[in-house]
Amino acid sequence: MADDKIIYVLDTNILLHEPFAFLSFKEHNVVIPMTVLEELDSIKDRNKDVSRDARVAIRALEDTLANATPEQIVEGVSLEMVGGEGEPTGTLAIFNDYALEKDSSKVSTIHSSKLSFNENDNRIISAALYLQSTKQHKKVVLVTKDINMRLKAKGAGLNFVEDYRTDQLIDDIQFLTKGYHQFEGDFWQQVKDCESETIGRTTTHYVDKALIKNAYMNEYIIDETEHFAGKVTGWDDERVAIQDVSRERLMGKTAWGISPKNVYQGMAMDALLDPNIDLVILTGPAGCGKTLLALASALEQVIERGLYDKVIVTRSTPEIAESIGFLPGTEEEKMAPWLAAITDSLEVLHKQDESMSGSLNYIMEKANIQFKSVNFMRGRSIQNAFVILDECQNLTASQLKTIITRCGEGTKLVCSGNLAQIDSNYLTALTSGLTYIVERFKDFPGSSTINLNGVVRSRLASFAEENL
């Protein structure tokens, strides 16, 4: 009979993705091959953002194994005393996979040929294969984020291979929170019991909670009519409070001369112009107006209303925000090519001006628009600013956490991105930091998420988004 405890063999990329990942396997046993430690050692001294994660992982492992004897480290050190999130009760062991190279007959596979020991991935797979053959009463699982390594391991005869998904909050991107709930037909035809109260210009309706299942803060409510629109402002066990914002009021929003072209843009502008909302997350296809709406709202609130002192614009560069280069130039000048989407939007907002270039220079100075690099954000405290984080589908959850925690008092952050256009080699739509914060912040009363459904850039862009 197989032991209920599972042996998880961790790949290097798991510890780089989450340095404390070895604490996430509850009562099961974790094995780290020596090759993984070698790879962490080679990465920790590089001048890369990932080097920090390597050093954190090494320190975490050292702290856990500090008082253990060599024999205990090989057999497995109990994680009960370590504690931490999830309170693990299993063990952590280091496996010397280099010993397998001397006697390759130890590794039994379903094929007559053996894996080459020249590559680190093969050494880690061989360690898992050896454990599978010697501990047949236990389930042995290789955990890696490398898709090709998962295929190689299966082909070499490993029975169980998995991805690491503790930070994956949904199983399918179609379940990602859209930020609004759309009713078929007329909303009021489906309401059987309703109480309403008006305070000043604000009307709030209290309806049966069964009508809106899984409601969350600042979720918009719309229907197929041309008049009703609401926003969830609270709930209890029986009722949901919906603030009546009306479709006409949403479509009548304006910022820096820009008006919404559809109800989705109307909801986005309502959230962007609401001083009580600290974080606005805009998702949607290319050409749906994310950047333009964010920038127009920023200029409106900085220049016209004086709510913020400056506009800070940032995004991840193709090198996963690790470097902006050594050529001459200020931070703003180096970031300018990556932030052309912002300057394009500025041109759209001022294309009717007599001297567009003069207007752009005036606005850049008047609104104190600053282009910043993501990798210079750590350690800063940003006060009284309107921060636009563009293209954040290419950022990891930890990188987004770094930026969000920089926002001090009086700062509003807008995160925008298109999950269909991820450039990072390490991320998918499900593991993107954008997906992560959409799900994590949906119950936070100071945030609002809007999926801008529909391309308004042009009929060409719309057709391409739907058919290519």
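Residues numbered from 1 in each chain as written. Predicted model: local features only at pLDDT ≥ 70, side-chain atom pairs only at ≥ 80, totals over all residues. Heavy atoms only, no water.

1. A word on the overall build of the chain
- Tallying secondary structure elements over the chain gives 16 helices and 18 strands in all.
- The buried share of the chain, reckoned over its 468 residues, is 50%.
- Expressed as a percentage of contacts within the chain between residues at least 6 apart in sequence, the contacts between residues at least 24 apart total 67%.
- Split by element, the accessible area of the chain, about 23,500 Å² in all, is 48% carbon and sulfur. (Helix = DSSP H or I, 4+ residues; strand = E, 2+ residues; numbered from the N terminus. Buried < 20%, exposed > 50% of the residue type's maximum accessible area, 1.4 Å probe, protein only. Contact = heavy atoms within 4.5 Å. Areas by Shrake-Rupley, 256 points an atom, 1.4 Å probe, with all protein chains shown as cover.)

2. Things to note about the sheet that holds strand S16 (residues 385–390)
- Spatially, the six strands line up as an open sheet ordered S15-S14-S16-S17-S13-S18, and their pairing is parallel. The two strands at the open ends of the sheet, each matched to only one other strand, are strand S15 (369–373) and strand S18 (447–451). Averaged over neighbouring strand pairs, the angle between their axes works out to 15 degrees when direction is ignored.
- Across four bridges, the pairing between S16 and strand S17 (residues 412–417) is parallel. Among the inter-strand pairings, Phe386 is bridged to a residue of S17, identified as Lys412.
- Across the sheet, helix H10 (residues 290–304) lies against strand S13 (279–283), strand S14 (310–315), S15, S16 and S17, angled at about 170 degrees from S16, the strand it touches most. (Pairing = 2+ DSSP bridges. Axes fitted to C-alpha atoms, helices over the stretch in contact; angles between N-to-C directions.)

3. Points about the pairing of strand S9 (residues 202–208)
- Sheet topology places strand S8 (residues 194–199) next to S9; six bridges connect them, and they run antiparallel. Bridge pairing in S9 places Ile199 opposite Thr202.
- Taken together, S8 and the strand that follows it, S9, pair antiparallel across an intervening segment of two residues, in which Gly200 is found at a positive phi of about 65 degrees.
- Pairing of S9 with strand S12 (residues 239–244) involves five bridges; the strand directions are antiparallel. Directly across from Val207, in S12, lies its bridge partner Val240.

4. Concerning the packing of helix H9 (residues 263–272) against H10
- Running from amino to carboxyl end, H9 crosses H10 at an angle of 35 degrees, the nearest separation of the two axes being 10 Å. Both H9 and H10 take part in a crossing whose hand is right-handed. Note on element contacts: H10 touches H9 through Leu293, Ala294, Ser297 and Gln301, opposite Gln265, Ala268, Met269 and Leu272.
- Counted by class, the contact of H9 with H10 contains five nonpolar, three polar and no charged residues. (Left-handed = near helix turned anticlockwise from the far one by under 90°. Nonpolar A, V, L, I, M, F, W, Y, C, P; charged D, E, K, R; others polar.)

5. A closer look at the environment of Gln370
- Mapped onto the fold, Gln370 is located in strand S15.
- For the pair Gln370 and Val387, spaced 17 residues apart in the sequence, the C-alpha separation amounts to 9.5 Å.
- Within the structure, the side chain of Gln370 is placed 3.3 Å from the side chain of Asn368, a separation counted as a polar contact. (Polar contact = N/O pair within 3.5 Å; in protein donor to acceptor, adjacent residues only side chain to side chain.)

6. Things to note about helix H13 (residues 356–366)
- Along H13, the residues classified as buried are Ser359, Leu360 and Ile363. Projected down its long axis, H13 shows its buried positions confined to an angular sector of 100 degrees, all on one face. The exposed set on the far side of H13, more than 90 degrees from its buried face, consists of Ser357, Asn361, Tyr362 and Glu365.
- Remark: Asn368 follows H13 within two positions and exhibits a positive phi of approximately 50 degrees. (Arc of directions from axis to C-beta.)

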